[in-house]
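# Report on the structure
Chain by chain, the residues:
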Amino acid sequence: MKLLWGISALLLYIHPTDSGTAGFIKSPLSQMKVIGGSAELHCEVVGYPLPEVQWWFIEGEEHDETLTQLFDGAREDHVHINATYIAHATSSIRLSNLTLNDTGTYECRASNDPDRNELKKSPKIKWIRSQANVIVIELPVITANPPEVSNLTSAVLTCNLTNPASTVKESHWTKNGKVLENSRTASGALYIELVLNKIDVNSGGKYECVFLTDPVAKKEIEVKTAPHVAAYKHSEHGNEKDKASMVCLSHGYPYPTDWSWFKVETDGTKVPIINGTTDNKYEIKSTPNRTTLVVQDLDITQDMGDYMCAGTSDIGTNFDKIQLRVRSRLAALWPFLGIVAEVIILVTIIFIYEKRRKPDEVNDDDDSGSAPLKSNAATNHKDKNVRQRNSN
C-alpha cells in the first residue's frame, strides 16, 4: 500500500494538475552594448502543461509605452529567436548589428493557459513576465598613434581613451590576442603606451590597447615587418629518376602574399619555375607562411644546381637559396664496389708477400751449418768394385 501511495505522489509531482504552477527558473539579464555589436537574452520557464514563451519589446515612458511582439527574423532579420520545449520551456533572443534604436526593455512572457491567445476570452491565468534592459551606446573614441607601424626599427605605441562608458578598471596591451603581462596596469588611466625598442622579424603582429570598461574598449595597431624567408634545409639530395622536395618558410608579419621559385643557372641567370607545366616536371604548393617545390623525374645533368625561393608582401621581398644534388642510380653500388676492391688488393698483397718469402726460407736452412748425410748407395757401389777384382 505504501508503494502505491509513493507512486501516486511521484506521478502527481511529475504531472501536476494545477495549471498555475508556471514559473521562471532563469530570467534575462540587462546588458550594455556598443553600436554594431550583439546582445543575447535567455529565459527558462517550468510548468505543466509546458508554458508558451514570447518576447516583447517595450519602448517609451511608463505612461506612454509601446509594446511590440518580436518574432524570428524581425527588424530586417536582426532578431533571431530560438525556443525548445522538452523538460521545460527554454527561449533565447539574439539581437545583431545593434543600433541606438535597439535600446529599450525586452520582456519574456510565459503562460500555460489553454485560452492564453484567445482574443474573445479573458485568460484564467495572467502571463508571467520578466524584463531586462538593453542599452546601446556609441563606440568609445580611442586615438591610436601611430595608426600603423611599417618597416621601422623602433616605435612607441600610444592609445588615448576620450569618452569611456564607465570607469576604467584596468588597461593592458595584447599581441596577436595574447596579453603582454608586463603592460598591465590597475590604474584608471585613459592614456597608455607601449615602447618597442627594437623591431625585428619576431616583433611584427597585431597589437591592441585594451581598456576594461563596460563594455570593453580596444583599438588595434598593426606592426608590419619585411618578410623573412629561410630555407628549411639549404642542401637537398635526390637519386636520379626519383623526386626531390625543397621547402622555404616565412616569419614575421604580414606573411607573403605571393611565392615564387627560380632555377639559378651557372651564369647567375634566374629562370622562373612555373607550377603545373605540361610535363608535370614541377609542382609548387604554397600557404601564407610556407612554400614547397617538388621536382619530378630528377636528371643528373639538368636538375642539379641552385634553386631560389622568394616571398613577397606589401612591405617587400626576401629570398633564400637551396642547393640540389642529384646522385646516379648506381651510387648505392659504389660502397660495395669499394669494399670488393679493397679485398682484392689485400689478397693480392698477401699472395705476393707469401710468394717472395718461400725462397728466402730455403736459403736460411742451407746456411744453418749441418753436414749432409752420406748416402748408402755410395757404400754399396764401393763394395761391388772390390768383389769384381777378386773374381779376376
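Look up: the structure comes first, before these words.
No experiment lies behind these values; they were computed from the predicted model shown. (Residues numbered from 1 in each chain as written. Predicted model: local features only at pLDDT ≥ 70, side-chain atom pairs only at ≥ 80, totals over all residues. Heavy atoms only, no water.)

### Here we look at the sheet that holds strand β17 (residues 217–224)
For sheets, the rule is that strands pair by backbone hydrogen bonds, running either parallel or antiparallel. Rule in force here: A strand pair is defined by DSSP finding two or more bridges across the two strands. A run of H or I in DSSP counts as a helix once it spans at least four residues, and a run of E counts as a strand once it spans at least two, with each numbered from the N terminus.
Pairing in this open sheet of five strands is mixed, and the strands run β11-β17-β16-β13-β14 from one edge to the other. In this open sheet, the two strands that pair with only one neighbour each are β11 (148–150) and β14 (178–179).

### Focus: the sheet that holds strand β6 (residues 79–85)
We apply this condition: Interaxial angle, 0 to 180 degrees, is taken between N-to-C directions of lines fitted to C-alpha atoms, where a helix line uses only the stretch in contact.
The four strands lie next to each other as β1-β3-β7-β6, forming an open sheet whose pairing is antiparallel. The open sheet has two free edges, formed respectively by β1 (23–26) and β6, since each of these has just one partner strand. Recorded for the sheet is a direction-independent mean angle of 25° between the axes of neighbouring strands. Here strand β3 (residues 39–46) pairs with strand β7 (residues 89–95) via seven bridges, running antiparallel. Across the sheet, the residue bridging to Glu40 is Arg94, located in β7.

### Side note on unusual backbone geometry
That bond from Asp214 to Pro215 is cis: its omega, 5°, falls within 30 degrees of zero. Of note, the amide linkage connecting Tyr253 to Pro254 takes the cis form, showing an omega dihedral of 0°. Phi is positive for Glu76, close to 55°, though the residue is something other than glycine. Along the chain, Glu76 falls in helix α2 (residues 74–77).

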